[in-house]
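Next come the chains, spelled out residue by residue.
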Amino acid sequence: MPDVNIRHRQGQFTLHAEFSLASRWTAIFGPSGAGKSTILRVLAGLIAPDAGRIDLAGRTLLDTARGVALPPGRRSIGFVTQQAALFPHRTAAQNVAFGIRHLSRDARSQRVSEMLRLFGAESLAERRPAQLSGGERQRVALARALAPNPTLLLLDEPLAALDVASSQDILSRLLALDVRVVYVSHDLAEIWRLPAHVIVLEAGRVTAAGPLQQVLAPQRDRLLQQLSS
Amino acid sequence: MDLQTLWLTLRLAASTTLVLLAMGVPLAFWIVSTRSPLRPFVEAMSTLPILLPPTVLGFYLLILLGPRTGFGRLASHLLGHPLAFSFDGLVVGSVLYSLPFAVQPLTAGFHAVDAALIEQARLLGAGRWRILRDILLPLSVRSVVAAAALCFTHTVGEFGVVLMIGGDIPGATRTLSIAIYDQVQDFSYAQANRTSLLLLGISLAALVLLYARRSGGGARHA
Amino acid sequence: MSDRRILAFALVLCCVLPPAFAQQTLRLAAAADLQPVLPPLLDTFQSQTGIHVLASYQSSATLATQIIQGAPFDLFMAADLSFPQRVIDAGRAEEAHPIPYAHGTLVLWTRNDSGVAQLSLDVLRGPSIRSIAIANPEHAPYGRAAQAALNHAGLLATVAPRLVVAENIAQAAQYADSGNAQVGFLSLTSALTPRLSADGHFIRVPAEDYPPIQQGAIVVRNSPNAVAARRFLDFLRSPAMAQRLAAGGLEPVEPSHP
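As the structure is a computational prediction, the values presented were derived from the model and not from experiment.

Definitions and limits used
- Residues numbered from 1 in each chain as written.
- Chains lettered and ligands numbered in written order.
- Predicted model: local features only at pLDDT ≥ 70, side-chain atom pairs only at ≥ 80, totals over all residues.
- Helix = DSSP H or I, 4+ residues; strand = E, 2+ residues; numbered from the N terminus.
- Buried ≥ 20, exposed ≤ 12 C-beta atoms within 10 Å, placed from the backbone.
- Contact = placed C-beta atoms within 7 Å.
- Nonpolar A, V, L, I, M, F, W, Y, C, P; charged D, E, K, R; others polar.
- Pairing = 2+ DSSP bridges.
- Axes fitted to C-alpha atoms, helices over the stretch in contact; angles between N-to-C directions.
- Parallel < 35°, antiparallel > 145°, perpendicular 65-115°, else oblique.
- Left-handed = near helix turned anticlockwise from the far one by under 90°.
- Domains from an automatic or database assignment.

**With respect to the overall build of chain C**
Reasoning step 1: What chain C contains, in helices and strands, is twelve helices and eleven strands.
Reasoning step 2: Across the 258 residues in chain C, those meeting the buried criterion constitute 46%.
Reasoning step 3: Contacts spanning at least 24 positions in sequence make up 76% of the contacts within chain C whose residues lie at least 6 apart.

**Side note on the environment of Leu41(C)**
All names here are of chain C.
Reasoning step 1: Tracing the backbone through its elements, the reader meets leucine 41 in helix α3 (residues 38–49).
Reasoning step 2: Each C-alpha atom, one on leucine 41 and one on methionine 241, is 7.6 Å from the other, the two residues being 200 residues apart in sequence.
Reasoning step 3: With residues near it in sequence (within four places) discarded, leucine 41 still touches Met241 and Arg244.

**Observations regarding the arrangement of the chains**
Reasoning step 1: Of all two pairs of chains sharing an interface, the pair with the highest contact count is chains B and C.
Reasoning step 2: Where chain A comes nearest to chain C, the C-alpha atoms are still 34 Å apart, and the two do not contact one another.

**Description of the interface of chain B and chain C**
Reasoning step 1: On the chain C side, the residues contacting the 16 residues of chain B number 13 residues.
Reasoning step 2: Taken together, the elements giving at least two residues each to the side of chain B that touches chain C come down to α3 (54–65) and α10 (176–185) of chain B.
Reasoning step 3: The greatest single-element share of the side of chain B that touches chain C, amounting to three residues, is contributed by α3(B).
Reasoning step 4: Looking at the side of chain B that touches chain C residue by residue, the class counts come to nine nonpolar, three polar and four charged.

**Digging into the sheet that holds strand β5 (residues 106–111) of chain C**
All names here are of chain C.
Reasoning step 1: Pairing within the open sheet is mixed, and its five strands lie in the order β7-β6-β8-β5-β9. The two strands at the open ends of the sheet, each matched to only one other strand, are β7 (163–166) and β9 (200–204). Between one strand axis and the next, the sheet turns through 30° on average, direction left out of account.
Reasoning step 2: In the sheet, strand β6 (residues 132–135) pairs with strand β8 (residues 183–187) via two bridges, with the strands oriented parallel. Each residue of the ladder has a partner; that of isoleucine 132, found in β8, is valine 183.
Reasoning step 3: Sitting on the sheet, helix α8 (residues 169–177) touches β5, β6, β7 and β8, and the angle it makes with β8 is about 150°.

**Overview of the packing of helix α2 (residues 39–51) of chain B against helix α5 (residues 87–112) of chain B**
Geometry of a packed helix pair, given as the angle between the helix axes and the separation of the axes.
Residue and element names in this part refer to chain B.
Reasoning step 1: It is the contact of α2 with α5, at a shortest axis distance of 7 Å, that shows an interaxial angle of 120°. Relative to α5, the element α2 is oriented oblique. In the crossing of α2 with α5, the sense of the turn from one axis to the other is left-handed. Contacts from Ser46, Thr47, Pro49 and Ile50 of α2 reach α5 at Leu96, Tyr97, Leu99, Pro100 and Val103.
Reasoning step 2: Residues belonging to the contact of α2 with α5 are distributed by class as follows: seven nonpolar, two polar and no charged.

**Comments concerning the pairing of strand β11 (residues 205–211) of chain A**
Residues and elements named next belong to chain A.
Reasoning step 1: Relative to β11, strand β10 (residues 197–202) runs antiparallel, the two sharing six bridges. When the bridges of β11 are listed, histidine 197 appears paired with proline 211.
Reasoning step 2: The loop that links β10 with its antiparallel partner β11 comprises two residues; one of these, alanine 203, has a positive phi angle of about 50°.

**Let's talk about the interface of chain B and chain A**
Reasoning step 1: In this complex, chain B contributes 13 residues to the contact, which on the side of chain A involves 13 residues.
Reasoning step 2: Here the side of chain B that touches chain A gets six residues from one element, more than from any other, and that element is helix α6 (residues 115–123) of chain B.
Reasoning step 3: Of the residues assigned to the side of chain B that touches chain A, the class counts are eight nonpolar, two polar and three charged.

**Quick word on the domain arrangement of chain C**
Residue and element names in this part refer to chain C.
Reasoning step 1: Here chain C is partitioned into domain 1 (2–103 + 213–251) and domain 2 (106–204).
Reasoning step 2: On a C-alpha basis, the centres of domain 1 and domain 2 stand 28 Å from each other.
Reasoning step 3: At the interface, 14 residues of domain 1 touch 17 residues of domain 2.
Reasoning step 4: The residue makeup of the side of domain 1 that touches domain 2, split by class, is seven nonpolar, five polar and two charged.

Below you can see the structure in the form of structure tokens.
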């Protein structure tokens, strides 16, 4: 049985996707408008789909047939998009601390430093988002999403607007983490080296799935031909 | 200058502003966050006092607050005195009269907060109350200040409602605007001019404070 | 759409304007206490003379201010003599003295359900009466009369904290009729209206307790309708009309006045 099976209609667009989250890293690949971001938002609980079921690590997050729909805050899911969406009135450290209010003061500040260190952002703790560069913001956003120790991290083109050096550094830090990740991209070069299972999405449907380099090899060849001609 | 009247006017404006913020913040939050089909209706109702001429609003309030309605009897029973012709009654009237001036800026301010921030807060486990307290209010400080300043100045300059439900009682319901009207009716133009200047001065001071704060805030957030 | 709007606008204009085109129009500034009694008399006047009277009802003070500031009225009928006198002093009247046209009567009025059993000035002394509506004594003639009556009865200091002051006599009637004030000093013209007759009852305040509420009129300086204005005043003082005014609560002027 697949972990995710969702149907959702938005105007003319119909999403109907079934897939499993067996691999630690899952990449969702496809052209713009294929429904990649919608899937992530449904997983996160920000969109209620017309019908479907989502199981994650033995928990049912959504089952429309049984009227189950956990709110976003109780799904144990972190979500980082291209837009870091940091709280502008809080420092980097306060941003990271937002989701771990249940911890004691000491445990919280320890966790905040740990998370910032994980992304090489410990020196940014006292800065506000307005004083951070794009790459620094993404580091803080990732630290914030991971601070509550989520079961699943959703990444929607988180590196798209960054320079190569930053994105390489952040990606290698992400790969070192022990967390299940769903990574959305339309950029083949960005995801090619990921040790991931891939789901190819086109016009709201899953058209192929499997080990990434195997499934996407034909596309890569086509791309290389275009580049060389 | 009649200090009692000045003090009463400031007290009325401050009380009204506090009540309006306490009511307006939850109301505006409900308006921006609800999916209820009642939302357009509630939003329209909260705007309606702008449309009604103040004396008409005051007339209906006079009826509503009076002993012939359940509300009037209940209020009279709870307070130990009838609402009409009392300071409390003026606060009730002023709150209704200035409601749009609280709800509109607050709703606009809350709407202007990036939806992605609210989503992140929800994902990080924040409930409605925490989203309001930790995200919406701090990011809408300027709208809250604008709402407060508008409610305050609108109440200072309020006339029609007070005229209808006040009863012109010194120390309880005679406000500056009523005093000015009385002075004009008595052909005491010089006195009326002095009182008007005072009224304008208060409103100007409140607005200068508002705009000073506004540009300061803009520089900080830029 | 815009054609239809123009049509609608034209229709509205047709409803509003014809009297002005069709016949002579007298613009009357009338004190608020006249509002309950005057309108049917205006109709009678129009049917007898063809002169249409366009009346604005406000407090005498507001009307006097407006006329002094050049408001385009032809005739000013006040609720006392002092406001016409102000207009005369400002050089805005044709007359040198206000023309008395009636005198008003002060009543003490209460709703039938107010719990006041035996209405009298003396009742006000008791603590059971918590609010008393009066018109503003500073500038409303009936308010001045009410204050004088209270003073005469030695009650003014006792009841002062319980007075709620309305801007004019019509508003005092609202305060009392809505039940917000338990009793009210009103004009007889208000008390005799169908609405207030149905809701409550009244006693006349003894005439010797307050100076008479002489109501005076003036013709506004340079009015193009001065002749029509005087004709209207004569019409009001004719025996038949004086009787109708009296039935509405405005007594005719004493024979000693012209």
